[in-house]
Structures are given as C-alpha cells and as structure tokens.
Amino acid sequence: MPCLANHNTSSFFGTPHMPTFSSLREQRIGSQRQWLANRQASERISAALRTGMIPWKNPIRNDDNAGLPLNFANGKPFTPISTLLLQVASHQHDSVGRWWGTQQDWDRLGGNIDLSREPTIVFDGEWHSVEVYCVDQVTGADVDQLHVHDHTIVVSDCADFSKIETLVELSGADIRVGVGDANHGAGDWYVPPNPWIAYPHHSRGDYILLQRPEFRSIMASHYYTLLHEFIHWAEVRTKWISDLYEREFVAEIGSGWLASELGCPPCRCRSNENKWLERWLWEIDRDSGFVFHAAEQARMAFQFIMSIIEGEQRC
C-alpha cells in the first residue's frame with residue numbers, strides 16, 4: 001500500500017544576493033495565493049465538520065484502489081491539505097475510489113468524465129488551484145482497472161491488525177496496557193517525555209497507556225486508539241509540540257490516515273472529536289493556517305510511523 005510520500009523540502013544555498021524587485025513581487029504574490037488557498041480550504045473543512053462529518057475517518061475495503069487519495073497521473077499523494085479536501089469530497093459524494101486526476105489526465109487515458117458532478121478544487125505545492133475528478137466520476141475501458149471492485153466494508157471481526165502489531169514490535173514503544181499510573185489512571189494516554197526538551201535523555205515519561213482490549217466494545221477500537229496515541233508518540237520524534245487542542249486535532253487526522261493505510265476500521269466512538277470540536281472550529285475560523293499546519297504535522301507523524309513499518313526507521 002502506498003503512503004503519503006515526503007516532499008523534497010531541501011533548500012539550495014548559493015551565493016548571497018540582494019532580492020530583485022521581480023523576486024519580491026513573486027514572493028508577495030505567492031504569500032497572497034497561500035493565504036487565499038488556506039482560507040478557502042479552511043472554510044470547506046469547517047463547513048464539513050459543522051455537519052458532523054469526520055473526513056479522515058473512512059470505511060476500510062480490501063481493494064488496492066480504495067484508501068488515501070492518490071494522483072493517478074503519477075501515483076503520488078496530494079498535499080496534506082488537499083488530502084483532507086478530497087476526503088471531504090468523497091464523504092459528500094459517497095466516493096470510494098482513491099484515484100484522482102485532472103480532466104486532461106483522464107482524457108489522456110481515454111476516460112469519459114461525468115460532468116454532472118463538479119470537480120473538486122485542490123492546491124498544488126505552489127498554492128495554485130487545480131480541478132480534479134475522482135475515478136468514480138470516470139468511465140472507459142482503460143479506467144476500469146482503477147475502479148474499486150470489492151465494495152465490501154471490512155468490519156472489526158474480519159480486520160487484519162497484523163501491520164499494527166508489526167508497528168508495535170518494530171517501534172520499541174513503551175506501551176502499558178491496563179496498568180495506568182498515578183496521574184492518568186487506566187485510560188488512554190500518551191505521557192510525553194519530561195522534560196520534553198531533554199528527549200531522548202529525559203528522566204520520566206514517553207510511554208503510552210491503554211485500557212485492556214477486553215474493555216472495548218470492538219477490537220478495532222483498541223487498535224484505532226493505539227494509532228491515535230502513536231501519533232502523539234511521534235510528536236517529540238518529529239520535533240514538534242503545541243497546545244493540547246492542536247495536538248489532538250493532529251492526532252485525530254493522523255490516526256485516520258494510518259487506519260486507512262493499515263486496514264483498521266475507524267473507531268465509532270466520537271467522544272474526542274465532540275470534546276474538542278468547538279475549539280477546533282474556533283481556531284479554524286480565526287486562523288486560516290490552523291488546518292494547514294495541523295495537516296502538515298499529521299503528515300510528518302504519519303510518514304515517520306509508516307517508515308518504521310516499512311523498515312526505513314528504527315527507534
């Protein structure tokens with residue numbers, strides 16, 4: 001299964017020079033374009049959340065053409081904010097396919113687009129808006145191989161959690177099940193290193209607390225909660241920290257993406273979303289960059305954890 005790939009964020013440092021008027025103008029236009037894109041994306045995601053939609057939670061299907069959105073033209077993921085926008089569109093239109101492309105992309109494949117449904121607007125790495133169509137909107141002989149053919153939704157009793165067990169084994173994470181501690185009881189928590197800045201030479205913390213699996217109504221809830229705590233566990237390892245409300249927003253998004261990639265049915269409990277939703281909406285409305293930064297960190301944590309499973313990272 002593919003995962004959200006790293007974008008090349010390396011910079012080239014050449015001979016220092018004074019910026020030209022043209023380069024300053026391009027920077028200003030780029031900043032304006034970024035602000036507008038963030039504002040538009042935030043409004044769409046805020047509107048979706050207000051309807052009760054949780055876009056990052058999606059049913060699991062045993063079909064390689066289902067899962068996190070990918071650009072069919074190059075097989076790569078979209079930007080994190082665009083991934084959220086595509087998940088919103090999938091919920092709104094009951095789409096199940098993961099492949100998305102522009103009209104030109106589908107035309108090159110000989111596809112016929114159902115134009116009765118409008119395209120979804122996403123943003124590329126330079127903040128230009130791009131109109132894309134889901135494979136569910138497209139027909140054609142060469143397009144059929146990209147459609148989802150097994151629409152069966154995987155339920156908890158039939159799910160394969162072996163990839164998550166592999167993560168537990170390879171990560172070396174300190175996971176304490178059913179024991180709790182003096183400060184947190186026997187609930188579900190990630191206790192960060194203390195002092196955080198001293199990691200990995202901290203004196204206390206850096207462990208995950210989980211309830212016993214038998215206390216869950218379904219096994220998928222146990223593993224989904226574990227993925228949520230793993231996103232928190234990745235915070236210090238990706239050198240990121242923030243206020244709790246933003247950390248919870250990131251953990252919700254990231255665990256949803258991990259669940260889609262690792263085949264874990266989404267947790268039906270919405271207590272955490274319900275607890276924080278009002279604060280998230282307030283932050284989204286006042287700060288157009290809130291969702292963008294949260295999605296970027298969710299991607300960082302997602303990539304870090306997937307790299308452990310894929311053998312690229314050892315902790």
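Everything here concerns the structure above.
Residues numbered from 1 in each chain as written. Predicted model: local features only at pLDDT ≥ 70, side-chain atom pairs only at ≥ 80, totals over all residues. Heavy atoms only, no water.

Trainee: Is there a simple way to think about the pairing of strand β5 (residues 120-123) in this case?
Mentor: Consecutive residues of a regular strand have side chains that alternate between opposite faces of the sheet. Here 4 bridges tie β5 to strand β6 (residues 129-134), and the two strands are oriented antiparallel to one another. Paired with Phe123 across the strands is Ser129, a residue of β6. (Pairing = 2+ DSSP bridges. Helix = DSSP H or I, 4+ residues; strand = E, 2+ residues; numbered from the N terminus.)

Trainee: Explain helix α5 (residues 219-237) to me, please; I cannot follow it from the model alone.
Mentor: Side chains of residues three or four places apart in an α-helix project in the same direction, reflecting 3.6 residues per turn. Spanning 19 residues, α5 covers 28 Å between terminal C-alpha atoms, matching the ideal 27 Å at 1.5 Å per step. Of all 19 residues that make up α5, 18 are buried, and the element is covered over most of its length. One or two steps after α5, the chain reaches Lys239, where phi turns positive at roughly 60°. (Expected span 1.5 Å × (residues − 1). Buried < 20%, exposed > 50% of the residue type's maximum accessible area, 1.4 Å probe, protein only.)

Trainee: Sorry if this is basic, but what is going on with helix α6 (residues 244-262) here?
Mentor: In a regular helix each residue adds 1.5 Å, so 19 residues correspond to 27 Å; α6 covers 26 Å between its end C-alpha atoms and thus fits that length. A large share of α6 lies buried, amounting to 18 of its 19 residues. Backbone geometry just after α6 places Gly263 at a positive phi near 80°.

Trainee: Teacher, can you tell me more about the packing of α6 against helix α8 (residues 290-309) here?
Mentor: Between two packed helices, what matters for the description is the angle formed by their axes and the separation of those axes. The N-to-C vectors of α6 and α8 enclose an angle of 45°; their axes lie 8 Å apart at closest approach. In terms of axis orientation, α6 runs oblique to α8. In this structure, the crossing between α6 and α8 has a hand that is right-handed. Packed against α6, whose contacting residues are Tyr245, Glu246, Phe249, Val250, Ile253, Gly254, Trp257, Leu258, Glu261 and Leu262, the element α8 presents Phe290, Val291, His293, Ala294, Ala295, Gln297, Ala298, Arg299, Phe302, Ile305, Met306 and Ile309 at the interface. Here the residues of the contact of α6 with α8 are counted per class, giving 16 nonpolar, 3 polar and 3 charged. (Axes fitted to C-alpha atoms, helices over the stretch in contact; angles between N-to-C directions. Parallel < 35°, antiparallel > 145°, perpendicular 65-115°, else oblique. Left-handed = near helix turned anticlockwise from the far one by under 90°. Contact = heavy atoms within 4.5 Å. Nonpolar A, V, L, I, M, F, W, Y, C, P; charged D, E, K, R; others polar.)

Trainee: Mind showing me how you'd approach the sheet that holds strand β9 (residues 189-191) here?
Mentor: Sheet strands associate in pairs through backbone hydrogen bonding, adopting either a parallel or an antiparallel arrangement. Strand order in this open sheet of 3 strands is β8-β10-β9, and the pairing throughout is mixed. In this open sheet, the two strands that pair with only one neighbour each are β8 (175-177) and β9. Here the strands of the sheet are splayed against their neighbours by 20° on average, with no regard to which way each runs. Across 3 bridges, the pairing between β9 and strand β10 (residues 207-210) is antiparallel. Within the sheet, the bridge partner assigned to Trp189 lies in β10 and is Leu209.

None of the figures reported here should be taken as evidence of function without further support.
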